[in-house]
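# Architecture and fold: a report
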Number of protein chains: 2
Amino acid sequence: MPLTKHIEQHFTATDTVRDIVIGMSDGLTVPFALAAGISGAVTANGLVVTAGLAEIAAGSIAMGLGGYLAARTDNEHFTSEREREWEETESVPDAEKTEVADIFRSYDLPESQISLLVESISSNRDKWVDFMMRFELGLETPKPKRARQSALTIALSYIAGGMIPLTPYILIHDLHTALLVSVIVTLAALFIFGFIKGRFTGANPLISGGQTILVGGLAAAAAFGLARLIG
Amino acid sequence: MPLTKHIEQHFTATDTVRDIVIGMSDGLTVPFALAAGISGAVTANGLVVTAGLAEIAAGSIAMGLGGYLAARTDNEHFTSEREREWEETESVPDAEKTEVADIFRSYDLPESQISLLVESISSNRDKWVDFMMRFELGLETPKPKRARQSALTIALSYIAGGMIPLTPYILIHDLHTALLVSVIVTLAALFIFGFIKGRFTGANPLISGGQTILVGGLAAAAAFGLARLIG
């Protein structure tokens, strides 16, 4: 069971862009919402900044290190699944051949062609196992060396994203003004971010921008309302 | 018997379990770290609870709604890619046939078989396009109705996970005691969660439990240290 988040699997851009999107998407949203929420319950900036920075530290570690370990688990899972498929081609080859045949049966091929195909694929055990990994289990060969780079990119993008809503509270003394500036700056940043993300994913950039604003805005409104209610 | 074990493993690793793991993993970690962090900068429980609940609201919306919209984007992407493949089988059928042949070539099939296969697959345009989606682009047919269910499961798991570290601050008046109880209860919960997760993913449960404790503990320590430094 892959534990890594399954967002935007078919990016036209690189894995790095995908990591930046994952990190910045949450980084812009959650610290923004939290800071706005706390500002509804306190009277001075100090605690908004403290909580915001604590959140950025916690969130970037959870996403970065958590993502790194999840990717490592996925790699181990792939290795152990591959070993099991390898053993099954040895211990129950007929069952495995039936599985190959079933995959092709769904494409309405004549049985004579299917059996030739099954014989060809199963004649090379390594390719046979590769075939089962990809088309029976749907597992892609992992890139183990990417896990660390990916974790770092996600964590740094989370920090970069989180500093955008927080900076107004650091620079502007009046809490009310800081909240207002933070909301305006972050909604603008969310829109630009969503717009650019849309261009990478092939989605309509305007709709994509609108959606990231919606998520960030709703999260902030909910946090603000809740904090007001209790605070 | 290997085959039974195989089926069983697939059965246990349902999409719902995966969603619970994703939501609870972050839900246990980030609100825990944030609450611990803030408790290093304040003198009473009130603000820890307010910030914690605000974070849970923000985080569950960001993960749930954000995940839902990402899944919808994936679905739209699948639909548009499928339309493009459909058009390509009309406008450049020979190029598409060559692509089918190339897929089989990578499994070392004899050329005579390959041309028969290509003819069979391309004789039914709908199945042909299905074949290209899966074997050329590696795209699985999305389950659009699952997106909402998945988003809800992730959000509720985040809330359930987040309430574990927060409850001690709500129930226990003394901040120091509440922090201590929250740390003990949450580290235990992280270990149990990681242990169970390990059993689902096939990883060593003890190592998996140790890793979730490591991520949560590091995130909390960083948030606490940072908040102390500024607060």
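Now for a look at the structure at hand. Sequence order sets the numbering: in each chain, residues are counted from 1 along the sequence as written. For this description, chains carry letters from A and ligands carry numbers from 1, given in the order in which they are written. Selection of residues for local features in this predicted model requires a pLDDT of at least 70, selection of side-chain atom pairs for listing and counting requires 80 or more, and totals for whole chains, interfaces and linings are taken over all residues. The basis for every side-chain value is the complete set of heavy atoms in the structure, and neither hydrogens nor water enter the calculation.

### Section: the overall build of chain A
Here a helix means four or more residues in a row that DSSP labels H or I, a strand means two or more in a row labelled E, and each is numbered from the N terminus. Across its full length, chain A carries 8 helices and 0 strands. When its helices and strands are written in sequence order, chain A yields α-α-α-α-α-α-α-α. Each radius of gyration reported is based on C-alpha atoms, and the globular scaling rule is 2.2 Å times the count of residues to the power 0.38. What you see for chain A is a C-alpha radius of gyration of 24 Å, clearly larger than the 17 Å of a compact globule of 231 residues, by over 25%. Considering only C-alpha atoms, chain A reaches an extent of 75 × 35 × 30 Å along its principal axes. Remark: exposure states derive from per-residue accessible area (1.4 Å probe, protein chains only) relative to the maximum for the residue type, with buried under 20%, exposed over 50%, and partly exposed in between. Residues classed as buried in chain A amount to 52% of the 231 residues present. Any two residues having at least one pair of non-hydrogen atoms within 4.5 Å are treated as being in contact. Counting only contacts in chain A whose residues sit at least 6 apart along the sequence, the fraction spanning at least 24 positions is 71%.

### Regarding the relation of the copies chain A and chain B
Superposition record for chain A on chain B: RMSD 0.9 Å, screw rotation 179 degrees, translation along axis 0.4 Å. The operation mapping one copy onto its partner corresponds to a two-fold rotation axis. Here 78% of the interface residues in chain A have copies in chain B that are interface residues too; the copies meet face to matching face. The superposition of copies rests on a least-squares fit of C-alpha positions from residues with pLDDT of 70 or more in both.

### Details of the nonpolar core
Within this scheme, the nonpolar core is defined by two criteria: the residues are buried Ala, Val, Leu, Ile, Met, Phe, Trp, Tyr or Cys, and they are joined through side-chain atoms within 4.5 Å. Formed by 68 residues in total, the largest nonpolar core has its most connected members in A:Ile38, A:Val48, A:Tyr169, B:Ile38, B:Val48 and B:Tyr169. For B:Tyr169, the residues in contact, after removing those within four places along its chain, are B:Ala35, B:Ala36, B:Ser39, B:Asn45, B:Val48, B:Val49, B:Leu175, B:Ala178, B:Leu179 and B:Ser182. Judged by nonpolar contacts, the second largest core, of 28 residues, contains A:Ala101, A:Tyr107, A:Trp128 and B:Phe135.

### Here's the deal with the interface of chain A and chain B
In this assembly, 74 residues from chain A lie in contact with 73 residues from chain B. Defined here as a combined quantity, buried area equals the accessible surface (1.4 Å probe) lost by two parts on assembly, summed across both. Of the roughly 6,400 Å² buried between chain A and chain B on both sides combined, carbon and sulfur atoms contribute 71%. One speaks of a salt bridge when a side-chain nitrogen belonging to Lys or Arg is within 4 Å of a carboxyl oxygen belonging to Asp or Glu. If you look at where chain A meets chain B, you find 0 salt bridges. Whenever two N or O atoms come within 3.5 Å, that pair is a polar contact, provided that in protein one can donate a hydrogen and the other can accept it, and provided that, for residues adjacent in sequence, both atoms are side-chain atoms. Where chain A packs against chain B, one counts 4 residue pairs in polar contact (both at pLDDT 80 or more). Three residue categories are used. Nonpolar comprises Ala, Val, Leu, Ile, Met, Phe, Trp, Tyr, Cys and Pro, charged comprises Asp, Glu, Lys and Arg, and polar comprises the others, including Gly. Of the residues assigned to the side of chain A that touches chain B, the class counts are 42 nonpolar, 18 polar and 14 charged.

### Let's talk about the packing of helix H2 (residues 45–91) of chain A against helix H5 (residues 125–136) of chain A
Residue and element names in this part refer to chain A. Simply put, an axis is a line fit to the C-alpha atoms, just over the touching stretch for a helix, and the angle between two N-to-C directions goes from 0 to 180 degrees. Running from N to C, H2 and H5 cross one another at 125 degrees; their axes reach a closest spacing of 10 Å. Here H5 runs oblique to H2, going by the angle between their axes. For the pair H2 and H5, the sense of crossing is right-handed. When H2 is examined against H5, the residues Phe78, Glu81, Arg82, Glu85, Trp86, Thr89 and Glu90 are found in contact with a partner set consisting of Arg125, Asp126, Trp128, Val129, Asp130, Met132, Met133 and Glu136. Looking at the contact of H2 with H5 residue by residue, the class counts come to 6 nonpolar, 1 polar and 8 charged. Throughout this description, any angle smaller than 35 degrees is read as roughly parallel, any larger than 145 degrees as roughly antiparallel, any in the 65 to 115 degree range as roughly perpendicular, and the remainder as oblique. The crossing is said to be left-handed when, going from far helix to near helix, the turn is anticlockwise and less than a right angle, and right-handed when the turn is clockwise.

### Comments concerning the packing of aromatic side chains
Only Phe, Tyr and Trp rings are paired, with Trp represented by its six-membered ring, and only when their centres lie within 6.5 Å; those with planes under 30 degrees apart are stacked, over 60 edge-to-face, the remainder tilted. Within this structure, the stated rule accounts for 10 aromatic pairs over all chains. With a centroid separation of 6.1 Å and 40 degrees between ring planes, the pair formed by A:Phe191 and A:Phe195 is classed as tilted. Here the residue A:Phe191 and the residue A:Phe195 both occupy positions in helix H7 (residues 175–201), the gap between them amounting to 4 residues, near one helical turn. Note on A:Phe195: relative accessible area 28%, which makes it partly exposed. By way of ring pairs, the aromatic residues A:Phe104, A:Phe131, A:Phe135, B:Phe104, B:Phe131 and B:Phe135 are connected into one cluster. In this structure, A:Arg125 is placed above the aromatic ring of A:Trp86, and the distance from its NZ or CZ to the ring centre is 4.2 Å. By the criterion adopted, a ring carries a charge over it if an Arg CZ or a Lys NZ lies within 6 Å of its centre and within 35 degrees of its normal.

### A short note on the environment of A:Gly59
Topologically, A:Gly59 is positioned in helix H2. Overall, A:Gly59 belongs to the buried group, its relative accessible area being 3%.

### Re the pattern of salt bridges
All names here are of chain A. Counted under the stated rule, the structure contains 19 salt bridges over all chains. Two residues, Asp19 and Arg146, come together in a salt bridge whose shortest N-O distance is 2.6 Å. Taken as a pair, Asp19 in helix H1 (residues 15–39) and Arg146 in helix H6 (residues 146–171) lie far apart in primary sequence, 127 residues in all. Arg146 sits in the partly exposed class, given a relative accessible area of 21%. One salt-bridge network, held together by shared partners, links Arg18, Asp19 and Arg146.

### Quick word on the environment of A:Val185
With respect to the helices and strands, A:Val185 occurs in helix H7. Sequence separation between A:Val185 and A:Phe78 is 107 residues, and the spatial gap between their C-alpha atoms is 43 Å.

### Some words on the environment of B:Ile38
Mapped onto the secondary structure, B:Ile38 falls in helix H2 (residues 15–39). Apart from residues lying up to four places away in sequence, B:Ile38 is in contact with A:Leu47, A:Ala51, B:Val48, B:Ala51 and B:Ala227.

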